[in-house]
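Structural description and commentary
Below are the chains, spelled out letter by letter.
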Amino acid sequence: DAGVIQSPRHEVTEMGQEVTLRCKPISGHNSLFWYRQTMMRGLELLIYFNNNVPIDDSGMPEDRFSAKMPNASFSTLKIQPSEPRDSAVYFCASSLARKGYEQYFGPGTRLTVT
Amino acid sequence: GQSLEQPSEVTAVEGAIVQINCTYQTSGFYGLSWYQQHDGGAPTFLSYNALDGLEETGRFSSFLSRSDSYGYLLLQELQMKDSASYFCAVREGQAGTALIFGKGTTLSVSS
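The structure presented is a predicted model; accordingly, all values stated were derived computationally and were not measured. For every chain, the first residue of the written sequence is number 1, and numbering continues from 1 onward in sequence order. Chain labels run from A onward and ligand labels from 1 onward, assigned in the order the entries are written. The predicted nature of this model means local features are confined to residues of pLDDT at least 70 and side-chain atom pairs, given and counted, to a pLDDT of 80 or more, with totals for whole chains, interfaces and linings taken over all residues. Think of the side-chain values as coming from all heavy atoms in the structure, minus any hydrogens and water.

It is worth spelling out the overall build of chain A at this point. Starting at the N terminus, helices and strands are each numbered in turn, a helix being any DSSP run of H or I of at least four residues and a strand any DSSP run of E of at least two. When helices and strands are counted, chain A shows 0 helices and 11 strands. When the elements of chain A are put in sequence order from the N terminus, they spell out β-β-β-β-β-β-β-β-β-β-β. Counting only C-alpha atoms and orienting by the principal axes, one finds that chain A spans roughly 40 × 25 × 25 Å. Taking contacts inside chain A between residues at least 6 apart in sequence as the whole, the part at least 24 apart equals 55%. What sets the accessible areas is the Shrake-Rupley method with a 1.4 Å probe; for residues, cover comes only from the shown protein chains. About 5,600 Å² of surface is accessible on chain A, with carbon and sulfur atoms providing 50% of the total. Charge convention: Lys and Arg are scored as positive, Asp and Glu as negative, and His as well as the terminal groups of each chain are ignored. Positions of charges follow a simple convention, taking NZ of Lys, CZ of Arg, CG of Asp or CD of Glu. Once the 12 positive and 12 negative side-chain charges of chain A are each reduced to a mean point, those two points are 6 Å apart. Contact between two residues is taken to exist if any of their heavy atoms lie within 4.5 Å; hydrogens are not considered.

Take a look at the structure:
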């Protein structure tokens, strides 16, 4: 399997622009997680889905953030409008729901908002 | 509230043994996972303990004591490539729940 795929790997944008991050989970995995990592706050869970349904989005920092999972093989995380404090590495991870303790992370998207 | 405590940094020399501790306080507990993350990379799964005791996987072992809300990751025969950050993470619920990650411990291995 190719593992979890994320795109883009790097994104540099200006404040106020819309940013869309994409994730393709491992085939057969039915849980998908979006994380944000910074030096200050560590690894934060933003939202997760089971069987394409959002279960907990309490980690989404503001209404500027939204996530969708239209099907089992694709998810997006959108930031609109972006702000400099959104600069971070965003990871997508997937797992079997019954083995949520063993998550497989994508390579991450390094987002820089200027 | 929920909290996971682990040391922020640990240093050791090649060939040594190091133990990274993790204490947790969460509303629920089903098990403790450990992840490794190299600088610039993504976290990768190392081990999971649901029951008390020691789980061994090669040079790495993980221990859990549910009564003490405590676990540790033991790394033996340290190599330079083990220099990385190590995260403990608590599984609060059964299938379909998320993990709560600690802040991570940065391990530096020197020659």
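Having put the structure on the table, let's press on.
Should the charged atoms of two oppositely charged side chains come close, the side chains can pair. Residues and elements named next belong to chain A. Salt bridge, as used here, is a side-chain nitrogen of Lys or Arg placed within 4 Å of a carboxyl oxygen of Asp or Glu. The tally for this structure, following the rule as stated, stands at 10 salt bridges over all chains. Across the pair R85 and E62 runs a salt bridge whose closest N-O atoms are separated by 2.8 Å. Separated by 23 residues along the polypeptide, R85 in the loop between strand 8 (74–79) and strand 9 (88–95) and E62 in the loop between strand 6 (53–56) and strand 7 (65–71) bring together distant segments of the chain. When the shortest N-O distance is used, the salt bridge between E102 and K99 registers 3.3 Å. For every residue, the accessible area obtained with a 1.4 Å probe (protein chains only) is divided by the maximum for its type, and the residue is called buried under 20%, exposed over 50%, and partly exposed between those limits. The exposure class assigned to E102 is buried, which follows from its relative accessible area of 15%. A relative accessible area of 27% means that K99 is categorised as partly exposed. Linked through salt bridges whose partners overlap, the residues forming this network are E62, R64, E83, R85 and D86.

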